[in-house]
Amino acid sequence: MDRSEEPPHAAAARGAVEVSLRRFDLADVDAMMVWASDPQVAAVCRWEPYESTEPLLAYLRDTVLPHPWFRAICVAAAFDGDGGGDDRPVGAVSVSPTADACRAELGYVVARAHWGKGVATAAVKRVVAAVFGEVEGLERVEALVDVRNAASQRVLEKAGFRREAVLRSYCVLKGEVRDMVIYSFISTDPLQPIAPSPAAVRRRAPMEVTLRRFELSDVDAMMAWASDPAVAAFCRWEPYQSTEPLLAYLRDTVLPHPWFRAICLATGAGAGDGDGRPVGAVSLAPTADACRGELGYVVARAHWGKGVATAAVRRAVAAVLGGEVSGLARVEALVDVDNRASQRVVEKAGFRREGVLRRHYWHKGRVRDLVMYSFVSSDQLAEGRAAHY
């Protein structure tokens, strides 16, 4: 665990550490051995220091790789004094399921060479920024920390976790009954700012989100996501089985629609998507009152969690309230109460949550509650480049 601290002025002089998370592979065993064999690192962990690579390799193969959410912590070379900033893991972080699907337990460990440098804090921030969108039904991430492990408690507090209680005589650790402090981060808590990893910057730099009108020739690109059941789950429409009905929808609904745009990525986005083909759609549908319109959007699953939807929503709001839709004063978004990822999209774009509309509409055989969000003409767009992610 991150067990030591440094003076604030030292951190300021050094600059924010750049941390990235990735999946482990078996080739990581030697890098892991550096810290998994350290008695000081293992002191507040449930496991004992590893004495050879064979049992560690077995742990990687049998526990880490099949784990539902277990990530290697890596640091940028510029922030690593011992040459470890080359995608080798300097620690690990995991989110483990519990008996209740709505909550999971956080665990993390960082090599002693990186204690006091903000690595653990940066990694935990990245976890909570990602995991609620990646683990279905997750509402709460909790962490249990030995009451004497003040450094690890500071990690969680700096990452935005809330201290809830001290659980007395809660567990046996290394043969001793310990008191544990329980911390939590829930899906509605505000995310703390995080420094982008170098890989993320490289991925993001050329990826400009643009909006344009649809054409009939977009039907094949649309089919890639319009046929995906996961994409359609919270949409009113069912997954398309063939291009013919999708082409009819394009021709009869999308093209004559007053404001319906394709979400595209600029050249350089990778995976063949940065060539002007739509990776999603965003629309503003008229309502009974000319002063307001209803926002709708959909993004291909390959681009979930990458900021594409947020960037598209920001750009759409800037356009429709900037004069493209006459008389518009309010953009509203109705989001299923269970669609946490979509709620985060509009919140990051600057929309205000107004309330829950109970039993508001019939959706795929069930009456659903919806969360009402709004963005009015006097609101300020959330910080962030509307054209980039």
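Our subject is the structure listed above.
Just so it is clear, the model here is predicted, and its values are computed rather than measured. (Residues numbered from 1 in each chain as written. Predicted model: local features only at pLDDT ≥ 70, side-chain atom pairs only at ≥ 80, totals over all residues. Heavy atoms only, no water.)

Enquirer: When you look at the overall build of the protein in this model, what are you seeing that I'm missing?
Expert: Each helix and strand in the protein was counted, giving 12 helices and 14 strands. A total of 389 residues make up the protein; the buried ones form 45% of that total. The contacts in the protein between residues at least 6 apart in sequence include a share of 66% that link residues at least 24 apart. In the structure as shown, the protein presents an accessible area of about 19,200 Å², 52% of it carried by carbon and sulfur atoms. (Helix = DSSP H or I, 4+ residues; strand = E, 2+ residues; numbered from the N terminus. Buried < 20%, exposed > 50% of the residue type's maximum accessible area, 1.4 Å probe, protein only. Contact = heavy atoms within 4.5 Å. Areas by Shrake-Rupley, 256 points an atom, 1.4 Å probe, with all protein chains shown as cover.)

Enquirer: I keep staring at the pattern of salt bridges and nothing clicks. Help me out?
Expert: Proximity of charged atoms lets side chains of opposite charge pair with each other. Under the counting rule described, the total for this entry stands at 23 salt bridges. Across the pair aspartate 252 and arginine 251 runs a salt bridge whose closest N-O atoms are separated by 3.0 Å. For aspartate 336, the salt bridge is made with arginine 368, and the minimal N-O distance between the two is 2.7 Å. With a gap of 32 residues between them, aspartate 336 in strand β12 (residues 330-336) and arginine 368 in strand β14 (residues 366-376) connect regions that are remote in the sequence. Of the two residues examined, aspartate 336 and arginine 368, each falls in the buried class. Taken together, the salt bridges that share partners define one network made up of Asp100, Arg103, Arg140, Glu142 and Glu164. (Salt bridge = Lys/Arg side-chain N within 4 Å of Asp/Glu carboxyl O.)

Enquirer: What should I look at first to understand the sheet that holds strand β4 (residues 103-110) in this one?
Expert: Strand-to-strand pairing in sheets goes through backbone hydrogen bonds, with the strands running parallel or antiparallel. Read across the sheet, seven strands follow the order β1-β2-β3-β4-β5-β7-β6 without closing on themselves; strand pairing throughout is mixed. The sheet is open, and its two borders are formed by β1 (19-23) and β6 (162-173), each paired with just one other strand. On average, each strand axis in the sheet is inclined to that of its neighbour by 30 degrees, with strand direction left out of account. Across four bridges, strand β2 (residues 70-75) lies against strand β3 (residues 91-97) in antiparallel orientation. (Pairing = 2+ DSSP bridges. Axes fitted to C-alpha atoms, helices over the stretch in contact; angles between N-to-C directions.)

Enquirer: Help me out: how do you make sense of the packing of helix α2 (residues 29-36) against helix α4 (residues 53-64) in this one?
Expert: Each pair of packed helices gets described by two things: the angle between the helix axes and the distance between those axes. Between α2 and α4, whose axes approach to 10 Å, the crossing angle comes to 115 degrees. In terms of orientation, α2 and α4 fall into the roughly perpendicular class. For the crossing formed where α2 meets α4, the hand is right-handed. Between α2 and α4, the residues in contact are Val29, Asp30, Met32, Met33 and Ala36 and Thr53, Leu56, Leu57 and Leu60, respectively. Looking at the contact of α2 with α4 residue by residue, the classes come out as seven nonpolar, one polar and one charged. (Parallel < 35°, antiparallel > 145°, perpendicular 65-115°, else oblique. Left-handed = near helix turned anticlockwise from the far one by under 90°. Nonpolar A, V, L, I, M, F, W, Y, C, P; charged D, E, K, R; others polar.)

Enquirer: How should the pairing of β2 be read in this particular structure?
Expert: Across the six residues that make up β2, a large majority, six, are buried. Residues Phe70, Ala72 and Cys74 of β2 are buried on one face, and the alternating residues Arg71, Ile73 and Val75, pointing to the opposite face, are buried as well.

Enquirer: Would you take a moment to explain the packing of aromatic side chains for this structure?
Expert: Evaluated as defined, the whole model comprises nine aromatic pairs. Each ring, one from phenylalanine 24 and one from phenylalanine 70, has its centre 5.8 Å from the other, and the planes form 70 degrees; the classification is edge-to-face. Here the residue phenylalanine 24 occupies a position in the loop between β1 and α2, and phenylalanine 70 occupies one in strand β2, the gap between them amounting to 46 residues. Here phenylalanine 24 and phenylalanine 70 have matching classes, each one buried. Geometrically, the ring pair formed by phenylalanine 214 and phenylalanine 260 is edge-to-face, given 5.7 Å between the ring centres and 70 degrees between the ring planes. With phenylalanine 214 in the loop between β8 (209-213) and α8 (219-226) and phenylalanine 260 in strand β9 (residues 260-265), this residue pair connects regions lying 46 residues apart in the sequence. As far as the burial class goes, phenylalanine 214 and phenylalanine 260 line up, both buried. Put simply, the rings of Trp47, Tyr50 and Tyr59 touch in pairs and so form one group of aromatic residues. Its guanidinium or amino end placed over the ring of tryptophan 69, arginine 71 lies 4.4 Å from that ring's centre, counting from NZ or CZ. (Phe/Tyr/Trp six-rings, centres within 6.5 Å; stacked < 30°, edge-to-face > 60°. Lys NZ or Arg CZ within 6 Å of the ring centre and 35° of its normal.)

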